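# Structural overview
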Amino acid sequence: MLKNDTILKTLRGEKTPYTPVWIMRQAGRYLPEYRETRKNAGSFLDLCKNKDFATEVTLQPLDRYPLLDAAILFSDILTIPDAMGLGLYFADGEGPKFERPLTNEKEVHKLDVPDVEQDLAYVFDAVKSIKQALNERVPLLGFAGSPWTLATYMIEGQGGTDFLNIKKMLYARPDLLHHILKITAESVSQYLSFQIKAGADAVMIFDSWGGALADNEYEPFSLNYMKVIINNLNIMGHESTPKILFTKGGGQWLDKQLQSGADALGLDWQTNIKQAKAIVKDQVTLQGNMDPSILLSDTKAIEKNVKSIIDDYGHGERHIFNLGHGITQFTPPDNVTCMLETLRSHSPQYHL
């Protein structure tokens, strides 16, 4: 039995004594202990592919911040396209890139679902190792990138682009893009299923680039494929495992996301949480949504913003506090302590 299951209760809409919290990229470069472990590992990919290192960095933020209510698997969303043979690598200071992006029709048609269980065994080994090391302390969250987000990297060859290549394919050859998305959705479904079997207590789909889509393209090219994944997981026997869906820049589509079958919807900092709550009407849990940049400021600003988000959500059990996206590497660790302590002292009044 979990010693702290507050987040799982919140995902189910059950009563809790306070608003639970975890942080996107909570194991990461803002922590000096992470930077030391990464140096010992040699590279980011070596860190991901070694279960002992992955376990160590997953637990580091929990050891530093006892008020965190969940661990999240230390990995990367691009493990799947890497397993597909696109040649993932990390250039110094430039982020992830692919040696063999999908640039023509022949490459697209060659794309196939990898042997997920074998090719990504290092991820599932890490899940098992982390789960054992946690010793039922808090739940473990697994995750994957959405098919649309993965496809952007697979076609553009790197992140931080203006999406011109993938959007050209979307409008000129939607058949090719749907082929990529279909294969990626099947791969993600299997990937998350194996994470759950290895010990993940809940899973999250990161649709980091969904907000780049035009209004009438979001559903057919992003949301529908996330629905497929959620449906597949339910068919695979994981109906009771909570599923979180997060589209960065997607707050205008909450009404559509409600139909996805997800148990929780992530919000970025551009989405008003009070308005979001009015839209979802307790049908799902909301997760979010502080601007990560606030953690670069001072304790007064942090306290004010945490209280504002909690006050705006108001009474109710279906809120997981989080940032609106990943924590920045320049965040002073003590500012995270301030955020967590403010949340824990301010939120119980709304759970009476």
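First, a word on what this report is: a plain description of the structure on this page. Owing to the predicted nature of the structure, the values given are computational and were not obtained by experimental measurement.

Across its full length, the protein holds 16 helices and 9 strands. Judged by the C-alpha coordinates and their principal axes, the protein covers about 60 × 45 × 40 Å. When the 352 residues of the protein are sorted by exposure, 59% land in the buried category. Pairs at least 24 apart in sequence give 72% of the contacts found in the protein among residues at least 6 apart.

Moving on, we come to the sheet that holds strand 6 (residues 243-247). Here we have 7 strands laid out as an open sheet, ordered 1-4-5-6-7-8-9, and parallel in their pairing. Unpaired on one side and paired on the other, strand 1 (71-72) and strand 9 (319-323) mark the two borders of the sheet. Where strand 5 (residues 202-207) lies against strand 6, 5 bridges are found, and the strand directions are parallel. Across the sheet, residue D207 finds its bridge partner in strand 6, namely T247.

Here the focus is the pairing of strand 8 (residues 285-290). By the criterion of burial, strand 8 is predominantly enclosed, with 6 of the 6 residues buried. Note that the unit made of strand 7 (residues 264-266), helix 14 (residues 273-280) and strand 8 has a crossover that is right-handed. Two elements, strand 8 and strand 9, share 5 bridges in a ladder whose sense is parallel. For N289, the partnering residue across the bridge sits in strand 9 and is N322. Handedness of the crossover joining strand 8 and strand 9 through helix 15 (residues 299-313): right-handed.

Moving on, we get to helix 15. End to end, helix 15 covers 21 Å across 15 residues, agreeing with the expected 21 Å (1.5 Å per residue, within 8%). What helix 15 keeps buried is the set I302, V306, I309, I310 and Y313. Summarising the axial view, the buried residues of helix 15 lie within an arc of 95°, below the 170-degree limit, and thus occupy one face. The outward face of helix 15, more than 90 degrees from its buried face, is lined by the exposed residues K300 and K304. Looking at the residues trailing helix 15, positive phi occurs at G314, about 75°.

A separate point is the environment of Y122. Structurally, Y122 can be placed in helix 8 (residues 121-134). Each C-alpha atom, one on Y122 and one on N50, is 7.1 Å from the other, the two residues being 72 residues apart in sequence. In this structure, Y122 is in contact with C48, K49 and T79, ignoring residues within four places of it in sequence.

We now examine the pattern of salt bridges. Across all of its chains, the model carries 13 salt bridges by this definition. A salt bridge links R344 to D69, with the shortest nitrogen-to-oxygen separation between them at 3.7 Å. Placement of R344 in helix 16 (residues 333-346) and of D69 in the loop between helix 4 (51-64) and strand 1 is noted, with a sequence separation of 275 residues between them. Under the relative-accessibility criterion, R344 is labelled partly exposed at 25%.

Definitions and limits used
Residues numbered from 1 in each chain as written. Predicted model: local features only at pLDDT ≥ 70, side-chain atom pairs only at ≥ 80, totals over all residues. Heavy atoms only, no water. Helix = DSSP H or I, 4+ residues; strand = E, 2+ residues; numbered from the N terminus. Buried < 20%, exposed > 50% of the residue type's maximum accessible area, 1.4 Å probe, protein only. Contact = heavy atoms within 4.5 Å. Pairing = 2+ DSSP bridges. Right-handed = clockwise from strand over helix to strand, strands pointing away. Expected span 1.5 Å × (residues − 1). Arc of directions from axis to C-beta. Salt bridge = Lys/Arg side-chain N within 4 Å of Asp/Glu carboxyl O.

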